[in-house]
Amino acid sequence: MPVATLAEAPRFERGGALFRPLAVPSRGSAELAVWLLELEPGLTGEEHSVSREEVFVLQTGVLELTLGGEVHRLAPGDAMIVPPDTLFRLDNPGAEPARATVCTSAGMVGTVQGATIVPPWTR
């Protein structure tokens, strides 16, 4: 399938975050996993790590990414690269939803509070 529309993308919610898979294995991608992420205003995210490099490109709103003890503020158009196996957290300190496009390698798994998860939006 060469086109995976957002309108047909499933919705997955976790802790105030909405995930909409676009180019993932279940939708035709072989090597990459790309999804739309939306964070509610005022959200403080869960600290977690992922097994593969992950790239966030902010589309609208404001994101703060805490990585290695440093807080990085993203504006629309900015990209943040998260190395594998590194604890990080995403927050939305703004008054509007923050929307980002996220890309990683297919097969990525996450670790949240010591538990390994296979995020359904990456499959």
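The numbering scheme is per chain: residues are counted from 1 as the chain's sequence reads. Under the rules for a predicted model, residues below a pLDDT of 70 receive no local features and side-chain atom pairs below 80 are neither given nor counted, while totals for whole chains, interfaces and linings still include all residues. Only heavy atoms go into the side-chain values, all of them from the structure, while hydrogens and water stay out.

(A) Summary view of the overall build of the protein. Secondary structure is summarised from DSSP: a helix means a run of H or I of at least four residues, a strand means a run of E of at least two, and numbering begins at the N terminus for each. Along the backbone of the protein there are zero helices and twelve strands. Beginning at the N terminus, the succession of helices and strands in the protein can be written as β-β-β-β-β-β-β-β-β-β-β-β. Two things to know: the radius of gyration comes from C-alpha atoms, and the globule rule equals 2.2 Å times the number of residues to the power 0.38. Taking 123 residues into account, the globule formula puts the C-alpha radius of gyration at 14 Å, and the protein, at 14 Å, falls close to it. Of the contacts formed within the protein by residues at least 6 apart in sequence, a portion of 62% connects residues at least 24 apart. Surface accessibility in these figures is a Shrake-Rupley result with a 1.4 Å probe; residues are shielded only by whichever protein chains are displayed. Of the roughly 6,500 Å² of accessible surface on the protein, a fraction of 54% belongs to carbon and sulfur atoms. Residues counted as positive are Lys and Arg, residues counted as negative are Asp and Glu, and His and the chain ends are not counted. Charge positions come from single atoms, namely NZ of Lys, CZ of Arg, CG of Asp or CD of Glu. Once the 9 positive and 15 negative side-chain charges of the protein are each reduced to a mean point, those two points are 7 Å apart. We call two residues in contact when some of their heavy atoms are within 4.5 Å.

(B) Local environment of the sheet that holds strand S10 (residues 98-105). Taken together, the six strands give an open sheet; going across it, the order is S1-S2-S3-S10-S5-S8, and neighbouring strands pair in antiparallel fashion. Only two strands of the sheet have a single neighbouring strand rather than two, namely strand S1 (12-14) and strand S8 (79-82). Pairs of neighbouring strands in the sheet enclose a mean axial angle of 25 degrees, with direction left out of account. The pairing criterion is simple: DSSP has to find at least two bridges between the two strands. As paired elements, strand S5 (residues 54-60) and S10 share six bridges and run antiparallel to each other. Of the residues in S10, the one forming a bridge with phenylalanine 56 is valine 102. Each axis is a line fitted through C-alpha atoms, taken for helices only over the stretch in contact, and angles between the N-to-C directions span 0 to 180 degrees.

(C) Seen up close, the UniProt feature "domain: Cupin type-2" (unreviewed entry) in the protein. The feature "domain: Cupin type-2" (unreviewed entry), as given by UniProt, occupies residues 36-101 in the numbering adopted here. Helix makes up 0% of residues 36-101 and strand 55%, with an end-to-end C-alpha separation of 5 Å. UniProt positions are given in the numbering used here, feature names are shortened, and annotations may be inferred rather than shown by experiment.

(D) Fine view of the packing of aromatic side chains. The pairing test for Phe, Tyr and Trp rings, Trp by its six-membered ring, is centres within 6.5 Å, and the orientation test on the planes gives stacked under 30 degrees, edge-to-face over 60, and tilted for anything in between. Counted by the stated rule, this structure contains three aromatic pairs. A ring pair is formed by phenylalanine 19 and tryptophan 121, whose centres lie 3.6 Å apart and whose planes are at 10 degrees; its orientation type is stacked. Placement of the pair is phenylalanine 19 in strand S2 (residues 17-23) and tryptophan 121 in the segment after strand S12 (115-117), with a sequence separation of 102 residues. Buried means the residue's accessible area, taken with a 1.4 Å probe over protein chains only, is under 20% of the maximum for its type, while exposed means over 50%, and partly exposed covers the values in between. For phenylalanine 19, a relative accessible area of 10% gives the class buried. The exposure class assigned to tryptophan 121 is buried, which follows from its relative accessible area of 9%. Here phenylalanine 56 and phenylalanine 88 contribute two aromatic rings whose centre-to-centre distance is 5.9 Å and whose plane-to-plane angle is 65 degrees, an arrangement assigned as edge-to-face. Of the two residues, phenylalanine 56 is situated in strand S5 and phenylalanine 88 in strand S9 (residues 88-91); the sequence distance between them amounts to 32 residues.

(E) Geometry of the environment of isoleucine 81. Tracing the sequence through the fold places isoleucine 81 in strand S8. Spatially, the C-alpha atom of isoleucine 81 lies 4.6 Å from that of valine 55, the residues being 26 residues apart in sequence. Sequence-distant contacts of isoleucine 81, defined by excluding residues within four places in its chain, comprise Glu53, Glu54, Val55 and Leu67.

(F) Molecular detail of the side chain of arginine 27. For arginine 27, the location among the structural elements is in the loop between S2 and strand S3 (32-39). Glutamate 8 provides the closest opposite charge to the buried, salt-bridge-free arginine 27, at an N-O distance of 4.4 Å. Polar contact criterion, stated in full: a pair of N or O atoms within 3.5 Å, where within protein one must be able to donate a hydrogen and the other to accept it, and residues adjacent in sequence count only if both atoms are side-chain atoms. Among the polar contacts listed, one links the side chain of arginine 27 to the backbone oxygen of threonine 5, at a separation of 3.0 Å. The salt bridge criterion pairs a side-chain nitrogen of Lys or Arg with a carboxyl oxygen of Asp or Glu, the two atoms within 4 Å.

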